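Descriptive analysis of the structure
Here is what each chain is made of, one letter per residue.
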Amino acid sequence: MLNIRIIPVVFAVLFAASAVSAATPASPKNVPVKPDLSGFEAKDMPYDKGEAVLLSWPAGPADVPGAVWQVYAASGKDWVKADEFPADKKLAADIELPFWAWDRHAKLHVVQLDMPGLFNDFKIGTEYRFKVKYVNGKETAESPELPAAPKPNLFNLARLNNLLLLIVTTIVFFWTVSHAKRKGGLFIRRIAGLDAIDEAVGRATEMGRPIFYSTGIGSMSAVPTIASTSILSEVAKKVAAHDTQLKVPHFDPIVMTVSKEIVKQAYAESNRSDSYRDDINFFVSQDQFSFAASVDGMIHREKPAACFFIGHFMAESLLLAEVGATTGAIQIAGTEQESQLPFFFTSCDYTLIGEELYAAGAYLSKEPMLQSTLKVQDFGKAFVMLSIVAGSALLLAGTWFKMDTLVTVVKHLFKAY
Amino acid sequence: MTLIKKHIPLAICFIVGLLTLSSYYVPTQSSEKYVETMNKWENIVAGFAFLLGLFSLFFSHTRKITRRVDGWGYSLFVFVGFLAMVVPAIVSNGKQMIGADLTGLGWGYRFLFNALSGTMFSVLAFYIVSTAYRAFRIKSAQAGVLFAAALVLMLAKVPLGQMIWEGLFGWTGAWDIAQIGQWLMDVPAVAGKRGIMMGLAIGGIVTALKIIFGIERQYMGKD
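Residues numbered from 1 in each chain as written. Chains lettered and ligands numbered in written order. Predicted model: local features only at pLDDT ≥ 70, side-chain atom pairs only at ≥ 80, totals over all residues. Heavy atoms only, no water.

Residues and elements named next belong to chain A. Following both chains from N to C, one finds helix α5 (residues 223–242) and helix α6 (residues 253–269) inclined at 35°, their axes separated by 8 Å at the closest point. Relative to α6, α5 is oriented so that their crossing is right-handed. Facing α5, whose interface residues are T225, T229, L232, S233, A236, K237, V239 and A240, α6 presents V255, S259, I262, V263, A266, Y267 and E269. (Axes fitted to C-alpha atoms, helices over the stretch in contact; angles between N-to-C directions. Helix = DSSP H or I, 4+ residues; strand = E, 2+ residues; numbered from the N terminus. Left-handed = near helix turned anticlockwise from the far one by under 90°. Contact = heavy atoms within 4.5 Å.)

What follows concerns the interface of chain A and chain B. Note: interface size is frequently given as the accessible area lost on complex formation between the parts. Residue-level contacts link 79 residues of chain A with 58 residues of chain B. Where chain A abuts chain B, roughly 5,800 Å² becomes buried across the two surfaces, and 69% of that area is made up of carbon and sulfur atoms. Run the count over chain A and chain B and you get 3 salt bridges. Taking the shortest distance from any N to any O, the salt bridge between K49 of chain A and E32 of chain B comes out at 2.6 Å. Top contributing element to the side of chain A that touches chain B by residue count: helix α11 (residues 368–400) of chain A, with 9 residues. Classifying every residue of the side of chain A that touches chain B by side-chain character gives 40 nonpolar, 22 polar and 17 charged. (Buried area = accessible area lost by both parts, 1.4 Å probe. Salt bridge = Lys/Arg side-chain N within 4 Å of Asp/Glu carboxyl O. Nonpolar A, V, L, I, M, F, W, Y, C, P; charged D, E, K, R; others polar.)

What follows deals with the sheet that holds strand β13 (residues 330–335) of chain A. Working definition: the strands of a sheet are paired by backbone hydrogen bonds and lie parallel or antiparallel to each other. Residues and elements named next belong to chain A. In space, the 6 strands of this open sheet follow the order β11-β10-β9-β12-β13-β14, with parallel pairing throughout. Pairing within the sheet leaves two strands with one partner each, and these edge strands are β11 (281–283) and β14 (350–352). This sheet shows a mean twist of 15° between the axes of neighbouring strands, independent of strand direction. Bridge count for β13 against β14 is 3 bridges, and the pairing is parallel. Bridge pairing in β14 places G334 opposite L352. Its contacts with the sheet place α5 against β9 (211–216), β10 (246–250), β11, β12 (306–312) and β14, and it is angled at close to 165° to β9. Docked against the sheet, helix α8 (residues 316–326) engages β12 and β13, running at close to 165° with respect to β13. (Pairing = 2+ DSSP bridges.)

Given below as structure tokens:
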């Protein structure tokens, strides 16, 4: 009986509730939101050579799926559509700049416009006009037109980490050099490949056979070639002292010219200027495989007692070293090309690995000033090792404890921009 | 004399070195143009230096021919080869193709030079076999590790190796040789390579500083 009385009441309540519900205003989701374009800015792209403009405006609730932003640029009357993208894309966090040069957390849309790509007659310093347009179906909104002139910047702040590292390296460099001047007597670990030079020259003297020295196929501006010429100087001194025959085939005429001076000087320092011949250094070919074929032929015919392959080598490394190995020559090699090192390891008696190539000149010359710089290399290696350990630990900690800021800071510090 | 042979070259090296270094940090167009100009100068100097190289080549081979040293006959081919390329180049005005037809230069380049270069490159394959044989003669613990790694990689990369592995150990279902090979390439090989690269980078920076600040002078001879 009670249930029968309740049923009309329940219906009445439900009816009233539906009426109230119908009277409730529509939710904010259904109403199109106008974007806020009052914060629209157009300015020169920082830290570039003056060919880009940076546009920014606030990101907000108007960035809904389906909506797009259109970016326009003009040099005269006509507008050029420079970009169009979904409304939830191209945010401040997408700009590839480090935290000390750019605020990645700003809630902004950011567009970087490459001006020479937009205007064929682009000139640095010329003022252009920019605007952005919001389109969401029939709903549109347009920013005011703003002028901006791209200009070159004097310093790329994004490379500040690199510059600081360079400054610290230079300070350590001068400190070790001055320290060597005052104290001297540095301990340097033995490098087997360089100690074997005496053995190689002695062997050539005993056998009456020549020594072949190749500086590789690098140009004179390549650091490995410069390091190689330093080693050539020391080898030439020993060769001159033992009155042995030296042959230096060249790939690059400039390297040949420099090497001639170096070898001549080495003979003079060994008081054997009379033994110096101008054809010790000779040009072969500037084609990689022609060079390899020619030097291979010479090695095969003349059967040298020792071969040195020190400098920049590519595919010819194995062609040269393997022919040298078949003739029974004692072989010492070194290159900065890590892809060629395995070939030298297997074909040569001694191989200079990594920074040993750059340390060789100082190691052989025994000059305190040059040897002191080896200490900088050691400091550098220690710094790299510490950085790897500390960086890995910080990244692990940041990931483990969900500290995104820490992860970003570490990543940016170690990145080259 | 010291001024010309030592001080001026050192000053040029210092100034040019610092300018080139700073161009990395200064993004202006003038710094970009400076680097471009330096590259052009390098090309111009290389062009002149090539003449020096050519004289050196002719001089050394002429000497071999006149003195009848061992293998002097090979030196004749230097001149034959030079004339075989230069004369058609002059006749065809430096063009390798006229319309759809090959000129003498183009024919020589395609059917002589390219074929010979290709032959030299293909010789590498045979040398790799002989060097691998030498490397795999296990004389030390390191050579043993090298051999083991190479064996695994060969099994992993060659289809026949994968078939052999599947036949022998496939029933276990625990080890996939392709994954082991990939791990070797991705982890120990990359770790070793990066270690060498870091050492080289540090050595390169220090050598560059030595040259810029005039501590390393052997490349220009001492007076």
